[in-house]
Amino acid sequence: MPPRVRFAPSPTGFLHVGGARTALFNWLFAKHHGGTFVLRIEDTDVERSSDDMVAGILEGLRWLGLQWDEGPEVGGPHGAYFQSQRLDRYRAAAAALVAGGHAYSCYCSLERLREERDTAEARGEAWQYDRACLRLPPERIAALEATGAPRAIRFKVPETTTAFADAVHGRIAFDTRTIEDFVVLRSDGHPTYHLSVVVDDIDMQITHVIRGDDHISNTPKHVMLFEAMAAPVPVFAHVPLILGADKKRLSKRHGATSVTEYRRQGYLPDAMVNFLALLGWSPGDDREVMSLDDLTAAFSLEGISGGNAVFNTEKLDWMNGQYIAKLPVDRLAAAVVPLMTDAGVPVPAASEWVHSLLELLRPRARRLVDFVELARPYLVDTVDYQPEAVEKHLGIPNLGDHLAALAMALRTTDPFDEPHVEAAVRGTAADRAIKAGVLIHAVRVAATGRTTSPGLFEVLALLGRDRTVQRIEELVNFLATRTAQSFS
RNA sequence: GUCCCGUUGGUGUAGCUGGCCCAACACGUCGCCCUUUCAAGGCGAAGAUCGCGGGUUCGAAUCCCGCACGGGACGCCA
């Protein structure tokens, strides 16, 4: 039977990288085994959930290429896929638990519970629910019910040892005495997380629950619930957490954590997926740059490692560079041109020329946004000279004359391509008995205003004769006025 | 405080059915090559007493025990 897995985000925040990786592992597992990937929105916390967050999560998943087989917008035979639309199911399940003797009503006030916890915490201890309401005599319960007192439903935790076989950690056992009678249905009729997940996982026939390590201690509760509902317990696989550089759980403090943010910064979805897949998982061999198809073919739960992983941005950048290097140029242009336009850098319509430019810059970019600054000198009309470039390369005696001579030579360079431009530059340098490098550096400043650029002859060929000559002459003028000023 | 998970170079991992491991791959770092600069690419180097301490064994990163440290969970949040 093909497996059914699910990703069940709570729309109380953005899709962060940890959630994205959990989704990815689920997706890969499903695809590897020809199974089904279900997306379920856990929005039982009405206060904190929002439609915008749902939209953002869906968008993030699609951007990564993780389309779901069942869930929001695509439907499926096991819906609804929003927990807020399944409230009846949870209430029925809670009633069934009570009827079966697995759960009971609790009339304790929130104030009392909080006080108990606070005093316990003051002693440095944890408080467990004292089962006060489990011992209530029937007539007392009847009286409370008659007055319409608010009541929650608590699961009656049996005294045993619950154990489950975790696909990444092996057997994990809990003494249930350390687990209190947890609430499954709040007094407002809304289910808690524990009830809704289990009910949904049963209804949606989930066979494998792949989720974060932070759920390990919830799992015995879920196992007990599955058993109380006489449902088969799915296989659990708890994947390690993603940590920041300080080994603390990844959070806002660490900078970008949402996939939307990485998208905005110019990371490619394939690179993101590849990088995330390698955080806590390995194919078992030395492969690292892997497509979604490669990952799907290689994926297995056994390859997931047990320890938490630090999110290493440097490696992500490297990975992104690998994918930028391989991106077909038309797709690269489609991704990058809008960024340039947004930044106020005009891009000509001539796509051949733009493609050549991008090819020149490609090995120098790690993120798509890098292209904007990299490309700026080739797209704007006037070149701004960086002070350090001026200082470093323009202090040559008679430089203006040398440049004027070069401009003259370039005027008749034909064709104006890389080898001919190179010949003209080197020829001029030889004629004037200066090192080619000196002239090259100065011309780079003329053409780009910077100390660094792609190979100068490629740059000039790309700029074309007119703009090249014009920029060299502009630098000649700049030098002349500067000299005049220094004498005044 | 209690329970649970984890611990291989700065980072991510491989190795973990014990010997082929004086530990491998990738990122990062450093150097060299290429070269007009910056990248990219190629080549090379440094960097881990495999958390610590005991044990088992002819032999342990690999098996057992203890400890330390890190992380997570202990809600009518998910």
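Please read these numbers as outputs of a predicted model, since none were measured by experiment.

Draft legend 1. Molecular detail of the overall build of chain A. Assigned secondary structure in chain A consists of 20 helices and eleven strands. With the principal axes as the frame, chain A shows a C-alpha extent of 110 × 55 × 35 Å. Within chain A, buried positions represent 48% of all 488 residues. Long-range pairs, those at least 24 residues apart, make up 75% of the contacts in chain A between residues at least 6 apart in sequence.

Draft legend 2. View of the state of the cysteines. Scanning the model with the defined rule gives zero disulfides in all. You can see Cys106 has no disulfide; the closest cysteine sulfur is in Cys108, sitting 3.7 Å from it. Take Cys106: its relative accessible area is 4%, and that puts it in the buried class. Cys108 forms no disulfide, and the closest cysteine sulfur to it belongs to Cys133, at a distance of 3.5 Å.

Draft legend 3. Here's a closer look at the packing of aromatic side chains. Per the counting criterion, the structure on display carries nine aromatic pairs. With a centroid separation of 5.1 Å and an interplanar angle of 85°, the aromatic rings of Phe275 and Phe311 are classed as edge-to-face. Pair noted here: Phe275 is in helix 9 (residues 269-277) and Phe311 is in the loop between strand 11 (309-310) and helix 11 (313-326), with a separation of 36 residues, a long-range link. The exposure class of Phe275 is buried, given its relative accessible area of 5%.

Draft legend 4. Molecular detail of unusual backbone geometry. Here the amide bond leading from Asp414 into Pro415 is cis, since omega sits at 0°, within 30 degrees of zero. A positive phi is found at Ala230, a non-glycine position, where the angle reads about 55°. In this structure, Ala230 sits in the loop between helix 7 (219-228) and strand 9 (235-239). Among the residues examined, Ala230 registers a relative accessible area of 70% and is labelled exposed. Residues other than glycine seldom take positive phi values, yet Ala433 does so here, at roughly 55°. Within the fold, Ala433 resides in the loop between helix 17 (418-431) and helix 18 (436-448). The class for Ala433 is exposed, based on a relative accessible area of 70%.

Draft legend 5. Geometry of the layout of surface pockets. Considered as a void within the structure, the largest pocket measures approximately 1200 Å³ in volume. The wall of the largest pocket is formed by 41 residues, among which Ser10, His16, Asp214, His215 and Arg249 lie closest to the centre. It is helix 1 (residues 17-32) that contributes the most residues to the lining of the largest pocket, five residues altogether. Of the residues in the lining of the largest pocket, the class split is 15 nonpolar, 16 polar and ten charged. Computed from the structure, the second largest pocket encloses a volume of approximately 340 Å³. Around the second largest pocket, the lining comprises 17 residues; the ones closest to its centre are Cys108, Leu110, Leu113, Ala152 and Ser187. Of all the secondary structure elements, the ones that give two or more residues to the lining of the second largest pocket are helix 4 (110-122) and strand 4 (152-155).

Draft legend 6. Spotlight on helix 16 (residues 399-411). Compared with an ideal rise of 1.5 Å per residue, which puts 13 residues at 18 Å, helix 16 spans 18 Å between its outermost C-alpha atoms and is within 8% of the ideal. Those residues of helix 16 that sit buried are Leu399, Gly400, His402, Leu403, Leu406, Ala407 and Leu410. End-on view of helix 16: buried residues confined to an arc of 160°, all on one side of the axis.

Draft legend 7. View of the sheet that holds strand 4. Overall, antiparallel pairing links the three strands, which are arranged 3-4-7 in an open sheet. Either end of the sheet is taken by a strand with one partner, and the two such strands are strand 3 (103-106) and strand 7 (183-185). Neighbour to neighbour, the strand axes of the sheet diverge by 45° on average, direction disregarded.

Draft legend 8. Region of the structure containing the protein's contact with RNA strand B. The environment of RNA strand B is made up of 69 residues, and the closest members are Arg186, Lys248, Gly280, Glu288 and Arg444. Those atoms of RNA strand B that come within 4 Å of the protein belong to sugar or phosphate at a rate of 71%. Arg117 has a polar side-chain atom sitting 3.0 Å from a phosphate oxygen of RNA strand B. Contact distances for RNA strand B include 2.9 Å between a phosphate oxygen and a backbone N or O atom of Tyr193. Of all the secondary structure elements, the ones that give two or more residues to the surface near RNA strand B are helix 4, strand 4, strand 6 (170-175), helix 6 (193-203), strand 11, helix 11, helix 18 and helix 19 (456-463). Sorting elements by how many residues they give to the surface near RNA strand B places helix 11 first, with four residues. Classifying every residue of the surface near RNA strand B gives 24 nonpolar, 26 polar and 19 charged.

Draft legend 9. Fine view of the packing of helix 3 (residues 87-99) against helix 6. Helix 6 packs onto helix 3 with a crossing angle of 100° between their chain directions and a minimal axis gap of 10 Å. Classified by the angle their axes make, helix 3 and helix 6 are roughly perpendicular. Contacts between helix 3 and helix 6 involve Arg89, Tyr90, Ala93, Ala94 and Leu97 on the former and, on the latter, Leu195, Ser196, Val199, Asp200 and Asp203.

Rules and cut-offs
- Residues numbered from 1 in each chain as written.
- Chains lettered and ligands numbered in written order.
- Predicted model: local features only at pLDDT ≥ 70, side-chain atom pairs only at ≥ 80, totals over all residues.
- Heavy atoms only, no water.
- Helix = DSSP H or I, 4+ residues; strand = E, 2+ residues; numbered from the N terminus.
- Buried < 20%, exposed > 50% of the residue type's maximum accessible area, 1.4 Å probe, protein only.
- Contact = heavy atoms within 4.5 Å.
- Disulfide = S-S within 2.5 Å.
- Phe/Tyr/Trp six-rings, centres within 6.5 Å; stacked < 30°, edge-to-face > 60°.
- 1 Å grid on protein atoms, 1.4 Å probe; cavity = no way out; pocket = protein on both sides within 12 Å on 5 of 7 lines; lining within 4 Å.
- Points joined across faces, edges and corners; volume = space filled by probe spheres on them.
- Nonpolar A, V, L, I, M, F, W, Y, C, P; charged D, E, K, R; others polar.
- Expected span 1.5 Å × (residues − 1).
- Arc of directions from axis to C-beta.
- Pairing = 2+ DSSP bridges.
- Axes fitted to C-alpha atoms, helices over the stretch in contact; angles between N-to-C directions.
- Near = heavy atom within 4 Å.
- Polar contact = N/O pair within 3.5 Å; in protein donor to acceptor, adjacent residues only side chain to side chain.
- Parallel < 35°, antiparallel > 145°, perpendicular 65-115°, else oblique.

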